[in-house]
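Structure assessment
What follows is each chain in one-letter form.
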Amino acid sequence: MKQHIYADNAATTKLDKTAFEAMLPWLLEEYGNVSQPYAFSRKPKKALATARATIAECTGALPEEIYFTSGGTESNNWVIKSSAFSDPEKRATITSAFEHHAVLRSCAAIERLGYPVVYIWPSDEGYLTTKMLEKYLTDNTRLVSVIFAHNEIGSIQPIRELCEVVHAHGALFHTDAVQAVGHIKINVHELGVDFLSASAHKFNGPKGIGFLYIRKGVELPPYADGGAQESTRRAGTENVAGIVGMAVALKTNCDLLEQNQRYILNLEKLLLSKLDKAGVTYKCNGGSRKLPGLLSLSFPGKDGETILHRMDLMGISISTGSACDSVNTKISHVLQAIRLNEDDARGTIRVSLGKKNTEEEVERIAAVLIKI
């Protein structure tokens, strides 16, 4: 039986063993509801506070600025919809045309209800600039939402600079940092963002848990009504085991951030050097300032879906288009937004390498790609 090679870490990551082990006591023994006043809930309550403090430390936030959610999708929906629905003036939201669907479809939902939304097209390399943003900012702008690091092409946006321009116009700034948190250094106070979304399964934590950073002093009404959990801002019994696992996974990644980056960059260079040496014609999308290991590769005249399935038959998992829209074979909205020509777009795959990949696996990925 052929060995399976997983090279789709931008879609999800393998759970760290330390995170898994840290979760077990809160599933099997200390399973008390944090909201209850009796003694059995004291340990879970303390675990929640410790996890919140750990995540805050890893992101440069205050513990009281971290709110636990079910993941990036909920966090994005919360910011965009609650921000709009609490605004009687119906001021505009600005976003980019190549955001994750959790942002774009949230924007479409508020648009249908009469809240104006402006979509900015990025550069051909997949970047937004302050100049682009300033063209659309007015005194009637309420919120700007820009992805931090792109999940499909890897481009990292100049968040701090964009945020400064937005604040100068009196608007709030949100970033979907799902692909960035745990992979590049992030300090929310230095960046100046008002909201930041994150999801544990992207940095070797469990699925179904994430967090939203809300800058202290910024108002954001609850998205889900119910109990008074999360300082009355997010109703629902907290997933203590998931939260603990998320905090452990994030701290593990942040403690080894530079080491992981160097290792993954070397894997990326190895893969590209093998393709170059074999004379394979391809194009790298996403520009030079991008996430380590996330490679959007276009093979002109080829078919990305065919490459994916042939690699799958060889025991290698990659993706094509957007992993969150994998049932759709049409050219992704992201590749359209960066104006990739149709021939290149149809031949595009995404290989996303992680800290658990090995040089031997990368050599095998390269060999199979060359053969195809």
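Up top is the structure these notes are about.
The rules behind the values
- Residues numbered from 1 in each chain as written.
- Predicted model: local features only at pLDDT ≥ 70, side-chain atom pairs only at ≥ 80, totals over all residues.
- Heavy atoms only, no water.
- Helix = DSSP H or I, 4+ residues; strand = E, 2+ residues; numbered from the N terminus.
- Expected span 1.5 Å × (residues − 1).
- Buried < 20%, exposed > 50% of the residue type's maximum accessible area, 1.4 Å probe, protein only.
- Contact = heavy atoms within 4.5 Å.
- Pairing = 2+ DSSP bridges.
- Axes fitted to C-alpha atoms, helices over the stretch in contact; angles between N-to-C directions.
- Phe/Tyr/Trp six-rings, centres within 6.5 Å; stacked < 30°, edge-to-face > 60°.

1. Quick word on helix 8 (residues 240–255)
Between its first and last C-alpha, helix 8 extends 22 Å over 16 residues, near the 22 Å set by a 1.5 Å rise per residue. Restricting attention to buried positions, one finds in helix 8 the residues V240, A241, G242, I243, V244, G245, M246, A247, A249, L250 and N253. Contact partners of the buried residues in helix 8: helix 1 (17–28), helix 2 (42–59), strand 2 (66–69), strand 8 (210–214) and helix 9 (257–277).

2. Regarding the sheet that holds strand 6 (residues 172–176)
Read from one edge to the other, the open sheet built from seven strands follows the order 2-8-7-6-5-3-4, with strand pairing classed as mixed. Every other strand in the sheet has two partners, leaving strand 2 and strand 4 (117–120) as the edge strands with one partner each. Here the average twist between neighbouring strands, direction ignored, is 20°. Pairing of strand 2 with strand 8 involves four bridges; the strand directions are antiparallel. The residue bridging Y67 from the neighbouring strand is L212, located in strand 8. Relative to the sheet, helix 3 (residues 72–85) contacts strand 2, strand 5 (141–145), strand 6, strand 7 (195–199) and strand 8, its axis offset from that of strand 5 by approximately 170°. Across the face of the sheet, helix 4 (residues 101–112) comes into contact with strand 3 (92–96), strand 4, strand 5 and strand 6 while running at roughly 145° to strand 4.

3. Some thoughts on the packing of aromatic side chains
Scanning the entire structure with this criterion turns up four aromatic pairs. Summarising the aromatic geometry, the rings of Y31 and F40 are spaced 5.1 Å apart at their centres and angled 75° between planes, so their arrangement reads as edge-to-face. Classification of Y31 by relative accessible area gives exposed; the value is 57%. Taking relative accessible area as the criterion, F40 reaches 34% and is therefore assigned partly exposed. Centroid distance Y282 to F299: 6.4 Å. Interplanar angle 50°. Geometry classified as tilted. With a gap of 17 residues between them, Y282 in the loop between helix 9 and strand 9 (283–285) and F299 in the loop between strand 10 (294–298) and helix 10 (304–313) connect regions that are remote in the sequence. For the pair Y282 and F299, a shared accessibility class is recorded, and that class is buried.

Without other data, these values stay purely geometric and don't point to any function.
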